[in-house]
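Reading the structure
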Amino acid sequence: MVRPVHAPNHPEQRPDTFGPDSRQAWIRLVIALLIGAIGGVGMWAIVVMIPAVQAEFAATRGAVSLAFTLMMFGFGLGGVIAGKITDRFGIVPAMAISIAFLGVANVLAGLSRELWQFVAAYFLIGLGTSATFAPLMAEASHWFERYRGLAVTIVASGNYFAGTMWPPLVNWGMQEIGWRYTHIGIGLVCVGLMTVLVLVLRAQMGDDKVRNHANAPPPRVDLRLSTNTLTVLLSIASISCCVAMAMPQVHIVAYCGDLGYGVARGAEMLSLMMACGIVSRIGSGFLADKIGGIRTLLVGSLAQGFALVFYLFFDSLTSLYLISAMFGLFQGGIVPSYAIIVREAMPASEAATRVGIVIFASVFGMSFGGWVSGVIFDATGSYAAAFANGVAWNALNIGIVLLLLIRSRMNSAKAEPGYAS
């Protein structure tokens, strides 16, 4: 059972001394959310630009989509690298590198003369975007104790806010000045706004900008597993849930087209799914602060599997809108739960690196899930088997989470007074 954690009360602290869950912590959190919402553009701009870039280079849809694939790979790999930098030097240097990559890479994408140059630029964009997710979540977890789960999920919502904010702006830019100048404009906006926000964050953090974890409290949850073993288990669980998650998120638009409802309806369902995901992402933070990260992950995984089963039996237009909203409400808090578990069960000094590794696994799961669902559709001519495949992967995730929950309960019982071994 997760022990309640209360913010420390030290009357002798100087007013300028930072304390977890303080007003200063909330100010940092708002700044981090804004950084994530701006820097998350890399994950969404390419989705809007694919048709225009395809026409410009007279390329196939698959060839242009490779930019998205490499962006996601750069996003996952960069999360591990930026996490290591954050653990060693602090979040500010990691964000500075991220800003540089986003600025340069977007300009290179706008200036590209060959498709391979455009694709390579998006790998760099993925590297730049990465610091705005996993490392920023891990850093925010150090600012809170009582509301740690809520803080992590709020920062993670920056990615969804980016998905809500940027596509209309990118589309407007393409209509007015073309996709090339839009890319250059994105680079300039990211450099300008993110630099200001990171400087404000640096001023807020002061001497805390490189955090010393020597006096950090020990992990709250004892799973009696080595850090590497737990990282592997969380990574497998992350891959499994994201393979399942990818089926509706990647293919709902095409699925609606195949059913005769049109791709516009599918796009509306995807937007509805993402909007509901913001609600569930933040809600899961409240839940994690009450029951812990492992239990929150189990609730989200069970609910996601429940929603996937509905896709197998209902395909009317109204039901698909309802199921997509339900799916968004159920799955939004799953990925941030892994960051919460890392902070509950691993040393604070390794948090950003370990969160980066697990998020990298989730990115692989999303990429693989989107691809394998398409392969299954090509082989069967139907998405039914693809949804069933998602349910099976989700079941694997539930099994791993149950194992972790059982271990946490067993070790908690052994730690209680009066336990006879």
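About the thresholds
Residues numbered from 1 in each chain as written. Predicted model: local features only at pLDDT ≥ 70, side-chain atom pairs only at ≥ 80, totals over all residues. Heavy atoms only, no water. Helix = DSSP H or I, 4+ residues; strand = E, 2+ residues; numbered from the N terminus. Buried < 20%, exposed > 50% of the residue type's maximum accessible area, 1.4 Å probe, protein only. Contact = heavy atoms within 4.5 Å. Areas by Shrake-Rupley, 256 points an atom, 1.4 Å probe, with all protein chains shown as cover. Lys, Arg positive; Asp, Glu negative; His and termini not counted. Charge placed at Lys NZ, Arg CZ, Asp CG, Glu CD. Phe/Tyr/Trp six-rings, centres within 6.5 Å; stacked < 30°, edge-to-face > 60°.

In terms of helices and strands, the chain carries 14 helices and 0 strands. For the chain, the sequential pattern of α-helices and β-strands runs α-α-α-α-α-α-α-α-α-α-α-α-α-α. Along the longest, intermediate and shortest principal axes, the C-alpha atoms of the chain span 70 × 50 × 35 Å. Buried positions account for 53% of the 421 residues belonging to the chain. Counting only contacts in the chain whose residues sit at least 6 apart along the sequence, the fraction spanning at least 24 positions is 85%. Summing over all exposed atoms, the chain offers an accessible surface of approximately 18,000 Å²; the carbon and sulfur share of this is 67%. Seen as two clouds, the 25 positive and the 20 negative side-chain charges of the chain have centres 6 Å apart.

Among the secondary structure elements, Q304 is positioned in helix α10 (residues 293–313). Excluding its chain neighbours within four sequence positions, the residues that come into contact with Q304 are C241, A244, M245, F327, F330, Q331, I334 and N394.

Attention now goes to the packing of aromatic side chains. For the structure on display, the rule yields 17 aromatic pairs. Look at W26 and F144: their rings are 4.8 Å apart centre to centre, the planes differ by 75°, and that puts the pair in the edge-to-face class. With W26 in helix α1 (residues 23–39) and F144 in the loop between α6 (134–141) and α7 (148–205), this residue pair connects regions lying 118 residues apart in the sequence. Owing to a relative accessible area of 1%, F144 belongs among the buried residues under this scheme. Where F368 meets W393, the ring centres are 6.0 Å apart and the plane angle is 70°; that geometry is what we call edge-to-face. Of the two residues, F368 is situated in helix α13 (residues 351–380) and W393 in helix α14 (residues 384–415); the sequence distance between them amounts to 25 residues. In this structure F368 comes out as partly exposed when scored by relative accessible area, which is 26%. Among the aromatic residues, those joined into a cluster by ring pairs are Y255, Y311, F327, F377, Y383 and F387.

Looking at the secondary structure, you find A82 in helix α3 (residues 61–89). Note: C-alpha distance between A82 and M95 (13 residues apart in sequence) is 8.2 Å.

This part covers unusual backbone geometry. Its identity as a non-glycine residue notwithstanding, A58 has a phi of 50°, on the positive side. Note on placement: A58 falls in the loop between α2 (45–57) and α3. With relative accessibility at 72%, the residue A58 sits in the exposed group. Unlike most non-glycine residues, R224 shows phi in positive territory, near 55°. Given the relative accessible area of 48%, R224 is considered partly exposed.

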